[in-house]
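Fold and contact review
Here are the chains, one letter per residue:
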Amino acid sequence: MKHKIEELFLAMDECVLCPRKCKAHRNKGQKGFCRSADKIFVASRNVHFGEEPPISGQRGSGTIFFSNCSLNCVFCQNYPISQLGNGVEISQEELSAALISLQDKGVCNINFVTPTHYSAHIAKAIFDARSKGLRVPVVYNSSGYENPEILKLLEGFIDIYMPDIKYSNDVLASKYSNVKDYVSNNQLSLIEMYRQVGELELDENGIAKRGLLIRHLVLPNNTRNSKGALDFIARSISTNTFVSLMSQYHGAYKSQNFPELADGLSKKDYLEVLEYMDKLGFENGWRQI
Ligand code: SF4
């Protein structure tokens with residue numbers, strides 16, 4: 001595992017941690033496209049009850065929210081943290097200690113939110129914390145814009161992958177998230193995550209122990225995008241996959257500049273996607289109606 005951590009930090013010399021591969025010299029303090037360098041910035045370290053039931057449970061999820069992001073989604077619901085960089089600097093040792101401190105509060109898991117650009121620091125923190133008694137599962141809660149080669153180095157560190165599948169169409173990904181190659185990298189990454197951890201396993205109380213949980217936020221006036229995302233999961237992963245079909249879109253950040261996004265998600269659009277999901281045979285997951 002130490003060798004993998006070294007490789008992850010080496011990948012920041014000319015950074016390729018995410019598919020942007022912007023080659024920023026992060027280990028020398030240069031910021032990349034994601035506005036992050038070698039120092040860790042986090043917006044919060046809290047017990048959170050707002051995730052899906054198998055993640056939050058009754059005891060909550062030990063959530064660590066990282067500042068900045070390698071995507072620029074115009075509708076980002078967390079834009080003060082992901083786009084404006086709200087947060088404070090913490091050391092590698094403080095990150096590792098935070099995992100133990102959250103576990104001591106009785107949480108179901110440790111949940112790294114927007115982890116991609118800090119995957120090296122996260123792997124080291126998990127390794128160090130496990131040597132000091134970390135036992136709860138670790139959740140990688142990601143936008144789904146991942147470099148599949150970097151994900152291979154995370155094998156053994158992550159118990160539960162919880163990625164988004166935001167798009168099945170790169171024209172939309174480019175328009176709304178300023179990224180040209182989301183779909184291919186997202187799809188290969190979801191397949192790699194599934195290879196590593198398989199389908200979601202729950203304990204006797206319905207709390208996730210290990211596996212893959214995919215999230216999809218239905219965007220207003222874009223049901224074809226959602227159906228394409230579900231088609232991919234059904235075709236290339238499994239209809240047993242736990243899928244959280246999210247309806248909580250609201251017009252945040254720059255979405256008012258896009259007339260089709262401005263009015264919010266209609267119940268009709270959400271139900272159309274939900275019906276399609278049922279037709280494909282998905283049985284596991286969460287619906288919000
Ligand atoms: S993680 Fe950040 S610095 Fe690294 S390649 Fe992606 S955008 Fe560039």
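A few points on the structure.

**Some points on empty space enclosed by the protein**
Enumeration according to the criterion identifies 2 cavities of 30 Å³ or more in this entry. Computed from the structure, the largest cavity encloses a volume of approximately 90 Å³. Around the largest cavity, the lining comprises 14 residues; the ones closest to its centre are Cys15, Cys18, Cys22, Arg26 and Cys34. For the lining of the largest cavity, the per-class residue count stands at 8 nonpolar, 3 polar and 3 charged. In this model, the second largest cavity occupies a volume close to 40 Å³. Looking at the second largest cavity, the residues that line it are Cys69, Ser70, Thr114, Pro115, Thr116, His117, Ser142 and Ser143.

**Looking at the site of the ligand**
Around the ligand, the neighbouring residues are Cys15, Leu17, Cys18, Arg20, Lys21, Cys22, Arg26, Gly32, Phe33, Cys34 and His117. If you map the ligand onto the pockets, it falls in the largest cavity. For the shell around the ligand, the residue count by class is 6 nonpolar, 2 polar and 3 charged.

**Comments concerning unusual backbone geometry**
With phi around 55°, Asn221 is a residue other than glycine that occupies positive phi space. Along the chain, Asn221 falls in the loop between strand 8 (208-217) and helix 9 (223-236). With phi around 55°, Tyr253 is a residue other than glycine that occupies positive phi space. Among the secondary structure elements, Tyr253 is positioned in the loop between strand 9 (242-246) and helix 10 (259-262). Note on Tyr253: relative accessible area 27%, which makes it partly exposed.

**Description of the layout of surface pockets**
To find leftover empty space, one rolls a probe the size of a water molecule over the atoms. Of the voids in this model, the largest pocket is the one considered here, and its volume is about 790 Å³. Lining of the largest pocket is provided by 33 residues; of these, Gln77, Asn78, Asp164, Arg215 and Met246 occupy positions nearest its centre. Looking at the lining of the largest pocket, the elements that each hand over two or more residues are strand 2 (61-66), helix 3 (79-82), strand 5 (138-142), strand 8 and strand 9. By residue number, the principal contributor to the lining of the largest pocket is strand 8, which donates 3 residues. Looking at the lining of the largest pocket residue by residue, the class counts come to 14 nonpolar, 14 polar and 5 charged.

**Let's talk about the packing of helix 1 (residues 2-10) against helix 5 (residues 119-131)**
At a closest axis distance of 8 Å, the pairing of helix 1 and helix 5 adopts a crossing angle of 155°. In terms of axis orientation, helix 1 runs roughly antiparallel to helix 5. The two elements helix 1 and helix 5 meet at a crossing, and its hand is left-handed. Every residue of helix 5 that contacts helix 1 at Lys2, Ile5, Leu8 and Phe9 is listed here: Ser119, Ala120, His121, Ala123, Lys124 and Phe127. Considered class by class, the residues forming the contact of helix 1 with helix 5 number 6 nonpolar, 2 polar and 2 charged.

**What to know about the pattern of salt bridges**
Counted according to the given criterion, the structure contains 11 salt bridges. Glu149 is the partner of Lys152 in a salt bridge, and the nearest nitrogen-oxygen pair spans 3.1 Å. Placement of the pair is Lys152 and Glu149 together in helix 6 (residues 148-153), with a separation of 3 residues, close to one helical turn. The exposure class of Lys152 is partly exposed, given its relative accessible area of 38%. Where Arg195 meets Glu155, a salt bridge forms, and the shortest distance between an N and an O atom there is 2.8 Å. One end of the pair, Arg195, is in helix 8 (residues 182-197); the other, Glu155, is in the loop between helix 6 and strand 6 (160-163), and 40 residues separate them in sequence. The partly exposed category is assigned to Glu155, whose relative accessible area is 28%.

Here is what the cut-offs are and how they apply
Residues numbered from 1 in each chain as written. Predicted model: local features only at pLDDT ≥ 70, side-chain atom pairs only at ≥ 80, totals over all residues. Heavy atoms only, no water. 1 Å grid on protein atoms, 1.4 Å probe; cavity = no way out; pocket = protein on both sides within 12 Å on 5 of 7 lines; lining within 4 Å. Points joined across faces, edges and corners; volume = space filled by probe spheres on them. Nonpolar A, V, L, I, M, F, W, Y, C, P; charged D, E, K, R; others polar. Near = heavy atom within 4 Å. Sits in = over half its atoms within 2 Å of the grid points. Helix = DSSP H or I, 4+ residues; strand = E, 2+ residues; numbered from the N terminus. Buried < 20%, exposed > 50% of the residue type's maximum accessible area, 1.4 Å probe, protein only. Axes fitted to C-alpha atoms, helices over the stretch in contact; angles between N-to-C directions. Parallel < 35°, antiparallel > 145°, perpendicular 65-115°, else oblique. Left-handed = near helix turned anticlockwise from the far one by under 90°. Contact = heavy atoms within 4.5 Å. Salt bridge = Lys/Arg side-chain N within 4 Å of Asp/Glu carboxyl O.

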